[in-house]
Amino acid sequence: MYRYTEKDDSASLPDETSASGPGYVREAADEIPRFAEPPGLTGTDSFVRDAPTVLSYAALGCFTFWLYAFGPAVTLLRDELGFSYSVLGVYQVSWSGGAALAGATFAWAARRLARGTLLWASALASAIGAGLFIFGGGVLATLIGAAGFGAAGTMLLTVIQAILSDRHGSRRDRALTEANVGAGASAVFAPMVLGALAATVLGWRATFALPAVVLVLLYLRYRRQPLPKRPQHHAEREQGGRLPLACWLFAILTAVSSAIEFSLVFFGPQMLINLGWSAAAASTAMSSNLAGILVGRLLGAGLTRRPGRTVTLLYASLVLTFASIVLFWMTGQPVLAVVALFLSGVGIANLYPLALALTLEAADGQEDHANARSQVVLGVLAAVFPFLLGSLADQYGLTAGFALEPVLIGFCVLMLWGGLRARHRTV
């Protein structure tokens, strides 16, 4: 089994006592299972996939399933309600606005509510927002549902990240990367499930019930599970502290890396249509990008089993992302375009979790504040950059507008380099 080799001051760790069987440790009034490392994957560092970790992984998978079903669902909703392409873009803006609001209020909520209360309340609110989005019956109601889902879902995401950071401390990079493996699987399967259910009597709306059912099961299983408490010395520092420059630079890196992914998802199919593909074939080809994301996160989970690889893996991911997106941008060959989409997925896969890990590490005891601010920046930039790319495409053509993607990747390299230099100056 795993064991911690260093004290984690972000959460009180249980003392080992006799329990009902091997592989268990006893906390105050509960037992937390420790999950063994799969054969052949043992690393030199310690890492425990205990109950709070497994709960966080599963809850993140639920949120991501909703998130990646959202885009295709808006397209289906447009067919039903008959709104314009401009209104279609407003749904993404509504979701991003809700996400920014959640980021702005998370630190305040985290000071007043326990992790468990915030987790289950945001899960319930996410289900309500998703329900209003799919059953609203009109443009205004569904837009409100999209904004509510964006706010509650981002709050759920942020508290999951906080729990993993509290629990794993300096090994949060591995926890966040592993958590995003399940998120990558959700990214692949959510559109497939939505498309399959759309062809049945259940309809596409049934897709949004699946994460809600899983969250109910998780609540029944883990509702009495103690979760890591917000560290007291961190709470004292966050009351009046300012985030270090390195933390802000890494937070911008986190947000821009997500904007790169969203821009590719929105405009990648249009690039393929420009090559002469049908809309259906272009949408299907984008699944290679999602498959690349899943493969990339599996590779990232293996590589981060040893500590100290975060920066190297980030630089390598940015290089691969740059090369593959430039290939996709420049090629006129369909096969090369699909290969480039897959490789860009592998590169993009670990940008968000690893950049977030650096953001929280550089927070200087203000992890909740940094976590929240990174979601505010992400919510804004995830709406701004796809809109900017679309505006450039309207004025100069899609191929010229897509040049924004490699520019953003270069900007990420600059943010990573600047953040590392700023962090070294404060050490």
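About the cut-offs
Residues numbered from 1 in each chain as written. Predicted model: local features only at pLDDT ≥ 70, side-chain atom pairs only at ≥ 80, totals over all residues. Heavy atoms only, no water. Buried < 20%, exposed > 50% of the residue type's maximum accessible area, 1.4 Å probe, protein only. Helix = DSSP H or I, 4+ residues; strand = E, 2+ residues; numbered from the N terminus. 1 Å grid on protein atoms, 1.4 Å probe; cavity = no way out; pocket = protein on both sides within 12 Å on 5 of 7 lines; lining within 4 Å. Points joined across faces, edges and corners; volume = space filled by probe spheres on them. Nonpolar A, V, L, I, M, F, W, Y, C, P; charged D, E, K, R; others polar. Patch = residues over 30% accessible without salt bridge, like charges linked within 9 Å, V, L, I, M, F, W, Y side chains within 5 Å. Areas by Shrake-Rupley, 256 points an atom, 1.4 Å probe, with all protein chains shown as cover. Salt bridge = Lys/Arg side-chain N within 4 Å of Asp/Glu carboxyl O. Contact = heavy atoms within 4.5 Å. pLDDT = per-residue confidence, 0-100. Expected span 1.5 Å × (residues − 1). Phe/Tyr/Trp six-rings, centres within 6.5 Å; stacked < 30°, edge-to-face > 60°. Lys NZ or Arg CZ within 6 Å of the ring centre and 35° of its normal. Polar contact = N/O pair within 3.5 Å; in protein donor to acceptor, adjacent residues only side chain to side chain. Axes fitted to C-alpha atoms, helices over the stretch in contact; angles between N-to-C directions. Parallel < 35°, antiparallel > 145°, perpendicular 65-115°, else oblique. Left-handed = near helix turned anticlockwise from the far one by under 90°.

### Some words on helix α13 (residues 351-361)
In an α-helix there are 3.6 residues to a turn, and that puts residues three or four apart on one side.
For step 1, the next point in the chain: Burial within α13 is extensive, with 10 of its 11 residues counted as buried.
For step 2, the next point in the chain: Taken as a whole, α13 has its buried residues at L351, Y352, P353, L354, A355, L356, A357, L358, T359 and L360.

### Here's the deal with the layout of surface pockets
For step 1, the next point in the chain: Roughly 1900 Å³ of internal volume is contained in the largest pocket.
For step 2, the next point in the chain: The set of elements that each furnish at least two residues to the lining of the largest pocket consists of α1 (51-81), α2 (85-112), α5 (172-198), α8 (245-274), α9 (279-285), α10 (287-303) and α14 (367-396).
For step 3, the next point in the chain: At 10 residues, the largest contribution of residues to the lining of the largest pocket is made by α1.
For step 4, the next point in the chain: When its residues are assigned to classes, the lining of the largest pocket shows 33 nonpolar, 13 polar and three charged.

### Considerations on a nonpolar patch on the surface
For step 1, the next point in the chain: On the surface, V213, V216, L217, Y219 and L220 cluster together into a nonpolar patch covering about 470 Å² of accessible area.
For step 2, the next point in the chain: Its place among the elements puts L217 in helix α6 (residues 209-222).
For step 3, the next point in the chain: Judged by relative accessible area, which is 53%, L217 ranks as exposed.

### Examining the side chain of S344
For step 1, the next point in the chain: With respect to the helices and strands, the residue S344 is situated in helix α12 (residues 334-348).
For step 2, the next point in the chain: Those residues within four positions of S344 in sequence are excluded, and the remaining contacts are L264, N289, T321, S324 and I325.

### Some points on the confidence of the model for the chain
For step 1, the next point in the chain: With 86% of its residues at a pLDDT of 70 or more, the chain has an overall mean of 83.
For step 2, the next point in the chain: Of all helices and strands in the chain, the one with the weakest mean pLDDT is strand β1 (residues 24-26) (37), whereas α6 scores best (96).
For step 3, the next point in the chain: Note that residues 1-44 has pLDDT below 50 and, in this model, 99 contacts with residues that lie over four places away or in other chains.

### A word on α14
For step 1, the next point in the chain: Over its 30 residues, α14 extends 42 Å from the first C-alpha to the last, a length consistent with the 44 Å expected when each residue adds 1.5 Å.
For step 2, the next point in the chain: At the exit of α14 stands G397, carrying a positive phi of roughly 100 degrees.

### A closer look at the packing of aromatic side chains
For step 1, the next point in the chain: Inspection of every chain in the model, using the stated rule, returns eight aromatic pairs.
For step 2, the next point in the chain: Between W204 and F208, the ring centres sit 6.4 Å apart and the planes meet at 75 degrees, which makes this aromatic pair edge-to-face.
For step 3, the next point in the chain: The class of W204 is buried, set by a relative accessible area of 6%.
For step 4, the next point in the chain: Of the aromatic side chains, those joined through ring pairs into one cluster are W66, F70, Y91, F133, F149, W204 and F208.
For step 5, the next point in the chain: Taking the ring centre of Y222 as reference, the NZ or CZ of R221 above it sits at 4.6 Å.

### A look at the side chain of Q375
For step 1, the next point in the chain: In this structure, Q375 sits in helix α14.
For step 2, the next point in the chain: For Q375, a relative accessible area of 2% gives the class buried.
For step 3, the next point in the chain: Within the structure, Q375 has its side chain in polar contact with the side chain of Y352 (distance 3.0 Å).
For step 4, the next point in the chain: Setting aside chain neighbours within four positions, we find Q375 in contact with A99, A100, G103, T154, L157, T158, Q161 and Y352.

### Overview of the packing of helix α4 (residues 139-168) against α5
For step 1, the next point in the chain: α5 packs onto α4 with a crossing angle of 140 degrees between their chain directions and a minimal axis gap of 8 Å. Between α4 and α5, the angle is such that the two are oblique. Viewed along their axes, α4 and α5 form a crossing whose handedness is right-handed. Contact residues: Q161, L164, S165 and H168 in α4; R172, A175, L176 and A179 in α5.
For step 2, the next point in the chain: For the contact of α4 with α5, the class distribution of residues is four nonpolar, three polar and one charged.

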